[in-house]
Structures are given as C-alpha cells and as structure tokens.
Amino acid sequence: MENFNFSIILSFRFYDRGDLPIKVDHQGSVNRIVWKIPPDQLDYHHYLPIFFDGLREKMDPYRFLSIMGTSELLEKGGTKILPVIPQLIIPIKSNK
C-alpha cells in the first residue's frame, strides 16, 4: 500500500455515496454536468475544497466532475470564493 492516496479514495466516496450535488448528463454527443442544487446556493466552504482537491483525479467520471464542477463553482461563486482560498492551499500543495 505504498501508493495509497487517501484523498482520491475520499473523492470517490463522496461521489459514489451521492454526497455531491452534481451528476453527469450523458444526453447528446457531449457530456455535461447537472447540478442538483444551483451552485450559487451551495456552501462554498464545504464543496469548493472537495471539487478543487478532485482536480488531481485521473479516472473518469471523477476527473470530469472535478474539472467541470470547480470551473462552474469559480464562475458562479462571486464573493463566496475569497473566504475559501485558505482552504484551497492544502490541495494545491499536495502533489500526491
């Protein structure tokens, strides 16, 4: 278990348990994400670090959800983003 990466397993668990307010829409020729709750109504202190940490994922659909989810949260977050930046430093520094 030398290469065990708890954060990747944790991200899988969030999605697999249905804890993330997002899903993949497979209709049409291009996949997209669908939010169960509008992004501007989410608790950014909770969800943005989860999606941001998931940017290190290499397996789909986790990778796709992390990229698209982070992008949309940043796009629609407005003033909710700045207070969360200190929580995003840990995923940035962690290169595992």
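All values reported here derive from a predicted model rather than from experimental measurement.

Enquirer: Looking at this structure, how should I read the overall build of the chain?
Expert: Regarding its fold elements, the chain presents 4 helices and 2 strands. Residue burial in the chain is summarised as follows: out of 96 residues, 39% are buried. Look at the contacts in the chain between residues 6 or more apart in sequence, and 66% of them connect residues 24 or more apart. With the model as given, the accessible surface of the chain reaches about 6400 Å², and the carbon-plus-sulfur share is 58%.

Enquirer: Would you mind going over the nonpolar core with me for this structure?
Expert: The nonpolar side chains of a soluble globular protein tend to be buried, and buried together. Counting residues in hydrophobic clusters, the biggest one holds 18 residues, and the most contacted among them are L20, I22, W35, Y44, L48, F51 and L73. Residue assignment for this core shows that the elements contributing at least two residues are β1 (22-25), β2 (32-35), α2 (44-53) and α3 (62-76). Sorting elements by how many residues they give to this core places α2 first, with 6 residues. Setting aside anything within four residues of it in sequence, one finds Y44 in contact with P39, P49, L73, K76, G77, K80, I81 and V84.

Enquirer: Hey, could you run me through the packing of aromatic side chains in this one?
Expert: We describe a pair of aromatic rings using the distance from one ring centre to the other and the angle between the two ring planes. The full count for this structure, using the stated rule, is 2 aromatic pairs. Ring geometry for Y15 versus Y62: centroids 5.8 Å apart, planes at 85°, classification edge-to-face. Highlighted residues: Y15 in helix α1 (residues 6-16) and Y62 in helix α3, separated in sequence by 47 residues. Under the relative-accessibility criterion, Y15 is labelled partly exposed at 23%. Its relative accessible area of 14% is what places Y62 among the buried residues. An angle of 55° between the planes, with centres 5.7 Å apart, marks the rings of W35 and F51 as tilted. Residue W35 is found in strand β2, and its partner F51 is found in helix α2; the two are separated by 16 residues along the sequence.

Enquirer: Please explain the pattern of salt bridges as it appears in this structure.
Expert: Any two side chains of opposite charge can pair, so long as their charged atoms come close to each other. Overall, the coordinates contain 5 salt bridges when judged by the stated rule. Across the pair D53 and R56 runs a salt bridge whose closest N-O atoms are separated by 2.4 Å. One exposure class covers both D53 and R56, and it is buried.

Enquirer: Explanation requested: the environment of R63 in the structure shown.
Expert: Mapped onto the secondary structure, R63 falls in helix α3. Filtering out sequence-adjacent residues up to four positions away, R63 remains in contact with E57 and K58.

Enquirer: Is there a simple way to explain the pairing of β1 in this structure?
Expert: The side chains of a regular strand alternate, first on one face of the sheet and then on the other. Where β1 meets β2, 4 bridges bridge the pair, whose relative direction is antiparallel. Pairing of D25 across the sheet is with R32, part of β2. Hairpin geometry of β1 and β2 is characterised by an intervening segment of 6 residues between the two adjacent antiparallel strands and by a positive phi of about 85° at G28.

Rules used throughout
- Residues numbered from 1 in each chain as written.
- Predicted model: local features only at pLDDT ≥ 70, side-chain atom pairs only at ≥ 80, totals over all residues.
- Heavy atoms only, no water.
- Helix = DSSP H or I, 4+ residues; strand = E, 2+ residues; numbered from the N terminus.
- Buried < 20%, exposed > 50% of the residue type's maximum accessible area, 1.4 Å probe, protein only.
- Contact = heavy atoms within 4.5 Å.
- Areas by Shrake-Rupley, 256 points an atom, 1.4 Å probe, with all protein chains shown as cover.
- Core = buried A, V, L, I, M, F, W, Y, C linked by side-chain atoms within 4.5 Å.
- Phe/Tyr/Trp six-rings, centres within 6.5 Å; stacked < 30°, edge-to-face > 60°.
- Salt bridge = Lys/Arg side-chain N within 4 Å of Asp/Glu carboxyl O.
- Pairing = 2+ DSSP bridges.

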